[in-house]
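A look at the structure
In case you want the letters, here they are:
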Amino acid sequence: MKKFSSALCALACMVGASNLAQATESKQTISVKSPSDIDSVLNELARKQNQPTSLLQTSFEPSTLSTNSSLISNRGSSKANQGDEDVLSHLTLVASNAVNKFKQSGRASWYGGKFHGRKTASGERFDMNSLTAAHPSLPFNTYLKVTNKGNGKSVVVKVNDRGPFHGNRVLDLSYAAAKQIGLVSRGIANVTIERVGSP
């Protein structure tokens, strides 16, 4: 009885995974009245699919059946792993392209002496005399060309910190960078930001 129940369970899995759609479309029904009927049902399914060996083998291996099911993949786990790597590579490429084409406009501010020598979010020490910037989300070591809309002056900075944390500003420049584009005296300026490859 135990063997019959296991075989019946395996049969149900197999029918559900590979033949339920066909049975529904053709209005066929499969009934199992006794243990001897299981063999005849398996043989009938094997005859219809012309794969008696694989059908009979997988009928008693539910885990193998599930991993080999056409609903998942019939190319094996190595192909699935390759697929995962392909998806990851594609997402990485999309993210890289998004960063490469990055452009933004908004208000920028600057920071200097009070933070000089402190660790930035990237782990570097903040140097107010270096051309760096704090951005909320761009990757560290991304280079940006920042242009002051008011006077047309530009500077290229490296993102090495997070911020700004005041108001609706999009960028915090180091003192040196802010000085180059004439932002120091006013404290805030409307700027455009675009990603560049290097200084």
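Details of the structure are given in the entry above.
Residues numbered from 1 in each chain as written. Predicted model: local features only at pLDDT ≥ 70, side-chain atom pairs only at ≥ 80, totals over all residues. Heavy atoms only, no water.

1. Structural notes on the environment of leucine 131
Here leucine 131 is to be found in the loop between strand 1 (103–111) and strand 2 (132–134). Along the primary structure leucine 131 and lysine 158 are separated by 27 residues, whereas in three dimensions their C-alpha atoms are 6.6 Å apart. If we ignore the near neighbours within four places in the chain, the residues touching leucine 131 are Val155, Val156, Val157, Lys158, Ser174, Ala176, Ala177 and Gln180. (Helix = DSSP H or I, 4+ residues; strand = E, 2+ residues; numbered from the N terminus. Contact = heavy atoms within 4.5 Å.)

2. What to know about the side chain of serine 109
By the element assignment, serine 109 lies in strand 1. Using a relative accessible area of 2% as the deciding quantity, one classes serine 109 as buried. Here the side chain of serine 109 touches arginine 169 through a polar contact of 3.4 Å, side chain to side chain. Leave out the neighbours within four places in its chain, and serine 109 touches Pro164, Arg169, Leu171, Asp172, Leu173, Leu183, Gly187 and Ile188. (Buried < 20%, exposed > 50% of the residue type's maximum accessible area, 1.4 Å probe, protein only. Polar contact = N/O pair within 3.5 Å; in protein donor to acceptor, adjacent residues only side chain to side chain.)

3. Things to note about the pairing of strand 4 (residues 154–161)
Of all 8 residues that make up strand 4, 6 are buried, and the element is covered over most of its length. Where strand 2 lies against strand 4, 3 bridges are found, and the strand directions are parallel. Bridge pairing in strand 4 places alanine 133 opposite valine 159. Two strands pair when backbone bridges link them, and strand 3 (residues 143–148) and strand 4 are joined in this way by 5 bridges, in the antiparallel orientation. Bridging across to strand 4, leucine 144 finds its partner in valine 157. (Pairing = 2+ DSSP bridges.)

4. A short note on the pattern of salt bridges
Summed over the entire model, instances satisfying the criterion amount to 1 salt bridge. Across the pair glutamate 124 and lysine 158 runs a salt bridge, and its minimum N-O distance is 3.0 Å. Of the two residues, glutamate 124 is situated in the loop between strand 1 and strand 2 and lysine 158 in strand 4; the sequence distance between them amounts to 34 residues. Residue lysine 158 is classed as buried on the basis of its relative accessible area of 19%. (Salt bridge = Lys/Arg side-chain N within 4 Å of Asp/Glu carboxyl O.)

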